[in-house]
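Below, each chain spelled out in residue letters.
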Amino acid sequence: MKNKIWEKQNVESFTKNENSNLQTIESEMLKMLGNIKNKELIDYGCGDGKFLRELHDLGANVKGYDISEPMIEIARKHLSKNIEVKAIKSGEIPLKNSSIDLVISKLVLMMCSSLEEIFKIFIEISRVLRNKGTFIFCITHPAFIDKDFSTHRNILSKERNYSNEGESYNFVLKNNEGTEIKDESFVDYFYKLYSYLNLLSSTGFNFKEIKEIQCDNDKFPCFLIMKGEKA
C-alpha cells in the first residue's frame, strides 16, 4: 500500500483530534532543541502549523513544509503571513545547502511507505542543515504499535510479528474526551528501531539522544523521540 497524500476530507478528519497528551511530545522536543532564539528552523511535516507558531514565538526563524496542500492551507490560517509554509513533494526541501540550524519532524516518518523514502528524507535534511546542525524527530514507538493508548490505537491486519518490517496498519486517533476519529487514509508503516538508527548514521548524522514518551494513564511508552547531529 502506497502512502496517500491527504486531501481536504482527510485533513478535516485529522484536525478533529485535540489531545492534550500530544503536547507532551512538543515539550520534550523543545527540551532537546535547547535555545532556539534567532536559529533557522524548519518543521518537516508541519501539519496545521500550531507547533510552528510556538517555535516562532520562542524566537526561531521558522519555515514549515508538508506534502498535503490542504494541511498547508490550514497552517496558513494559524500563522502570520511572514512565516513561509509550503506544500512539497516528499523528500524535497526548497532550500539551499547548509542553510538551516535545526530541523524537527513530528509523527511523520511512520507514514512513509518504504525505508527508501525515509532515507531520501534524511539525505535531504542533512543537505540543508549546517555542520553540527540538529535533527529531531518523533515517531510512534515501534515496539508497542499493538498496544491501546490514550492518544490512539492501531488496527493491524494480522497478528503482530516484529520481523514484519514495512507492514502497514491503520491508526485511530482519540481526542480528549476519548472519542475515536477514523479515516481510511490514516495509515502508518512499521519499521524497526534499529532501522531508524541505521538510517541516521548512514545519512551523515551522529546519534545524540533518544527518549521514550509515556503519557498519563498509559502502561507503555507510545512515542519515541530521536536526536541526531550532522557530522
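See the structure above.
Residues numbered from 1 in each chain as written. Predicted model: local features only at pLDDT ≥ 70, side-chain atom pairs only at ≥ 80, totals over all residues. Heavy atoms only, no water.

### Some thoughts on the packing of aromatic side chains
Scanning the model with the defined rule gives nine aromatic pairs in all. Look at Phe 122 and Phe 137: their rings are 5.5 Å apart centre to centre, the planes differ by 45°, and that puts the pair in the tilted class. Of the two residues, Phe 122 is situated in helix H5 (residues 115-128) and Phe 137 in strand S5 (residues 129-140); the sequence distance between them amounts to 15 residues. Both residues of the pair, Phe 122 and Phe 137, belong to the buried class. Look at Phe 135 and Phe 205: their rings are 5.5 Å apart centre to centre, the planes differ by 45°, and that puts the pair in the tilted class. Pair noted here: Phe 135 is in strand S5 and Phe 205 is in strand S10 (residues 205-213), with a separation of 70 residues, a long-range link. Residue Phe 135 is classed as buried on the basis of its relative accessible area, which comes to 0%. Cluster of aromatic residues (ring-pair linked, three or more members): Phe 122, Phe 135, Phe 137, Tyr 191, Tyr 196 and Phe 205. (Phe/Tyr/Trp six-rings, centres within 6.5 Å; stacked < 30°, edge-to-face > 60°. Helix = DSSP H or I, 4+ residues; strand = E, 2+ residues; numbered from the N terminus. Buried < 20%, exposed > 50% of the residue type's maximum accessible area, 1.4 Å probe, protein only.)

### So, the sheet that holds strand S2 (residues 61-66)
In a beta sheet, neighbouring strands pair by backbone hydrogen bonds and run either parallel or antiparallel. With mixed pairing, seven strands are arranged side by side in an open sheet as S3-S2-S1-S4-S5-S11-S10. The open sheet has two edge strands with one neighbour each: strand S3 (84-87) and S10. Going across the sheet, the axis of each strand differs from the next one's by a mean of 15°, ignoring polarity. In this sheet, S5 lies alongside strand S4 (residues 100-106) in parallel orientation, the contact comprising six bridges. Among the inter-strand pairings, Ile 104 is bridged to a residue of S5, identified as Ile 136. Sheet strands touched by helix H4 (residues 69-78): S2 and S3. Its angle to S3, the strand with the most contacts, is close to 165°. Each of S5, S10 and strand S11 (223-230) touches helix H6 (residues 193-202); the most contacted strand, S10, lies at about 150° to it. (Pairing = 2+ DSSP bridges. Axes fitted to C-alpha atoms, helices over the stretch in contact; angles between N-to-C directions. Contact = heavy atoms within 4.5 Å.)

### Some remarks on the pattern of salt bridges
Pairs can form between side chains of opposite charge whenever their charged atoms are close. In the structure shown here, the tally under the stated rule is 10 salt bridges. Here Glu 26 and Lys 106 are joined by a salt bridge, their closest N and O atoms 2.5 Å apart. Taken together, the residues Glu 26 in helix H2 (residues 22-33) and Lys 106 in strand S4 connect sequence positions 80 residues apart. Members of the salt-bridge network, linked through shared partners, are Glu 28, Lys 31 and Lys 211. (Salt bridge = Lys/Arg side-chain N within 4 Å of Asp/Glu carboxyl O.)

### Remarks on the pairing of S11
Taken across its eight residues, S11 has eight buried, putting it largely inside the fold. Examined bridge by bridge, S10 and S11 share eight bridges and lie antiparallel to one another. Each bridged residue has a counterpart across the sheet, and for Ile 210 the counterpart in S11 is Met 226.

### Examining the packing of H5 against H6
Between H5 and H6, the shortest axis-to-axis distance is 10 Å and the interhelical angle comes to 40°. Between H5 and H6, the crossing angle belongs to the class labelled oblique. Along this stretch, H5 crosses H6, giving a crossing that reads as right-handed. Two secondary-structure elements touch here, H5 through Leu 115, Ile 118, Phe 119 and Phe 122 and H6 through Ser 195, Tyr 196, Leu 199, Leu 200 and Ser 202. Of the residues that constitute the contact of H5 with H6, the class distribution is seven nonpolar, two polar and no charged. (Parallel < 35°, antiparallel > 145°, perpendicular 65-115°, else oblique. Left-handed = near helix turned anticlockwise from the far one by under 90°. Nonpolar A, V, L, I, M, F, W, Y, C, P; charged D, E, K, R; others polar.)

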